[in-house]
Amino acid sequence: MEIFQLIISGISQGCLYGLIALGFVLIYKATEMVNFAQGDLMMLGAYFAITFVTVLEWPFFWSVLATILCMALVGAVLERLLLRPMIGEPHFAVLMLTIGLGFVIRAVAGAVWGSEPKALPVPYSGGVIKLGDSVIGYENVAVVIGTVILCLLVWIFFRFTRIGIAMQAASQNQLAAFYVGIPVKRVYSLVWAISAGIAGLAGVLTAPVSLVDPLIGFVGIKAFAAAIVGGFGSLPGAILGGLLVGLTEQFAGLYLPPGFSEMSAYVLLLIMLIVRPQGIFATMQKKKV
Amino acid sequence: MNLLEINNLETYYGPVMAIRGVSLNVPKGSIVTLLGGNGAGKTTVLKTISGAIDPQKGTIAFAGDSILGKDPDAIALTGIAHVPEGREVFPFLTVDENLKMGAFTRKDNDIKADIDAVYDYFPALKTLAKAQAINLSGGQQQMLAIGRALMLNPKLMLLDEPSLGLSPRLVAEISEIITRLNRERGVTVLLVEQNARMALDIGHYGYVMEVGRIVMEDSCERLKSATDVQEFYLGMKDEGVRGKRRWKQRKTWR
């Protein structure tokens, strides 16, 4: 039952990649900017959660909620202060800005919380589900459940709410969105808030699985690979890409020599770019210039 | 009473002066048309009104208030609906959702009724309510774009080349709809067109633009009979005595 065990941990890890990839894709779809600080926002979220639980000693559930809300606020403020003045600037400049932003977030987190790994105590830690001879930790189950709930909420939001549809409209045709009176700039702030909120949730979910230090944000690069594998610009693709990367990693770790696990995400990315460059869910959108 | 008053507008694209001092008035309840060839600056005038470009100089007053320098969404809120050139629909939303987005600025409960009213004007759209806009034909997309603008309950509609790329039958249909909207709903219209014949047929008053300036203005009836407009925009040419035009013959405004 080794394979079953691998699939479970692959899915759990893949969900985390998928959540970060979701943040990449949301921001890219709406604003055509790529936020390379997405992984670092996740790290920040994990530290927020640790602070709320261990320092302020809030109950776990409220800490999670507070983390997501605080991260959403951080996202909106970042958009307002840093990204909005960049509208109309070359993509390269925005790219450098978000990479730099990642550095700043890492440095600030290191200064505030220190660089030694910290743990997030969760009420469900240590518990396991036994299925045959495979063992699944509650932490991993929580990741999957959290991801499923979040995906459901995101889907409902974009499919049925007025502001969700308006966000789709703004990303499909910005000019027309302006002309029908959608406040496109505020929509951008909201997109950043949502993406950062999702990163915050990813942080809360990842903290019990692995220890938190200022450098865990680098999984963002793997999540970026996942987003491309899924077809950059597709929300289901982001999650699916994340799962694929997570599973590939687990299997490469067992069946291939040591070291292959770490690079498997990028090998998958390369293969994908050669075989199907548009990704799994191609977004066949003709961009208006 | 003038719903829209533009005075001495100057707009630049970077260093290029696209509009060189345009003044025009759109009386309430009328259809005013803006004619001119490619690159005359017609579209720029509309974009400047709806706030997509900020002008360098001049004033724009809508219903007595200045709307200069406002963001496009704020201007939409005041009741100006811009139907841009080239059917800018939301491609991956359904027809229904496109129309609902048109009412984004509204908070009232008549939205459902107004969607039905749009379907009354454009019966072709009703059967496509659940179809994605990208799958619609060009004419249907144009109708959707106009219908979506109607959902704003606009006082003023800015129509940019609604006849572009449509068959003569559809052009006739669209112009009939514009006339009906004006007559039945009292929507004031500023119509930019290359299809001068259609524009002069449905318009009340017309301006002719050339290289960023207004070179002629008159009622559409009189514009239709003006020789220059006939020659340059309606394609009626007076053959000279020897079958040749004299080199001296020029437009009156030059």
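In the block above lies the structure referred to throughout.
Let me sum up the structure you'll find in this document. (Residues numbered from 1 in each chain as written. Chains lettered and ligands numbered in written order. Predicted model: local features only at pLDDT ≥ 70, side-chain atom pairs only at ≥ 80, totals over all residues.)

**Concerning the environment of B:Ile111**
Residues and elements named next belong to chain B.
- With respect to the element layout, Ile111 can be found in helix α4 (residues 111-121).
- Along the sequence, Ile111 and Leu158 sit 47 residues apart, while their C-alpha atoms lie 21 Å from each other.
- Once residues lying within four places of it in the same chain are set aside, the contact partners of Ile111 are Lys100, Ala103 and Arg106. (Helix = DSSP H or I, 4+ residues; strand = E, 2+ residues; numbered from the N terminus. Contact = placed C-beta atoms within 7 Å.)

**A word on the interface of chain A and chain B**
- Contact residues are listed per partner, giving 15 residues for chain A and 21 residues for chain B.
- Mapped onto the side of chain A that touches chain B, the elements with two or more residues apiece are α6 (162-172) and α7 (174-179) of chain A.
- Sort the elements by how many residues they give to the side of chain A that touches chain B and α6(A) lands first, with 5 residues.
- Residues belonging to the side of chain A that touches chain B are distributed by class as follows: 11 nonpolar, 4 polar and no charged. (Nonpolar A, V, L, I, M, F, W, Y, C, P; charged D, E, K, R; others polar.)

**Here we look at helix α6 (residues 138-150) of chain B**
Residues and elements named next belong to chain B.
- Compared with an ideal rise of 1.5 Å per residue, which puts 13 residues at 18 Å, α6 spans 18 Å between its outermost C-alpha atoms and is within 8% of the ideal.
- Those residues of α6 lying buried are Gln140, Gln141, Gln142, Met143, Leu144, Ala145, Ile146, Gly147, Arg148, Ala149 and Leu150.
- Considering only its buried residues, α6 is in contact with β6 (80-83), α3 (95-102), α4, α5 (123-126), β7 (156-160) and α7 (168-185). (Expected span 1.5 Å × (residues − 1). Buried ≥ 20, exposed ≤ 12 C-beta atoms within 10 Å, placed from the backbone.)

**Here's the deal with unusual backbone geometry**
Residues and elements named next belong to chain B.
- The phi dihedral of Asn153 falls on the positive side, at around 55 degrees, and the residue is not glycine.
- Following the sequence through the fold, Asn153 ends up in the loop between α6 and β7.
- Judged by the 18 C-beta atoms lying within 10 Å of it, Asn153 is partly exposed.
- Although it is not a glycine, Val211 adopts a positive phi angle of roughly 35 degrees.
- Relative to the helices and strands, Val211 resides in the loop between β9 (205-210) and β10 (213-219).
- Judged by C-beta crowding, with 14 C-beta atoms within 10 Å, Val211 ranks as partly exposed.

**Thoughts on helix α8 (residues 184-209) of chain A**
- Along its 26 residues, α8(A) runs 38 Å from first to last C-alpha, staying within 8% of the 38 Å computed at 1.5 Å per residue.
- Buried residues dominate α8(A), accounting for 22 of its 26 residues.

**Looking at the sheet that holds strand β2 (residues 16-27) of chain B**
Residues and elements named next belong to chain B.
- Strand order in the open sheet formed by 4 strands is β2-β1-β4-β5, and the pairing between neighbours is antiparallel. Unpaired on one side and paired on the other, β2 and β5 (65-66) mark the two borders of the sheet.
- Examined bridge by bridge, strand β1 (residues 2-13) and β2 share 9 bridges and lie antiparallel to one another. The partner of Tyr12 across the bridge, within β2, is Met17. (Pairing = 2+ DSSP bridges.)

**Comments concerning the sheet that holds β9(B)**
Residues and elements named next belong to chain B.
- A sheet is described by the order of its strands in space; here 6 strands give the open sequence β6-β7-β8-β3-β9-β10, paired in mixed fashion. Two strands lie at the open edges of the sheet, namely β6 and β10, each paired on one side alone. Mean inter-strand twist for the sheet, computed between neighbouring axes without regard to direction, equals 15 degrees.
- Here β6 runs beside β7; their pairing, made up of 4 bridges, is parallel. Within the sheet, the bridge partner assigned to Val83 lies in β7 and is Leu159.
- Packed onto the sheet, helix α1 (residues 42-49) meets β3 (31-35), β6, β7, β8 (188-193) and β9 and runs at close to 145 degrees relative to β7. (Axes fitted to C-alpha atoms, helices over the stretch in contact; angles between N-to-C directions.)

Shape descriptors only; they carry no functional weight alone.
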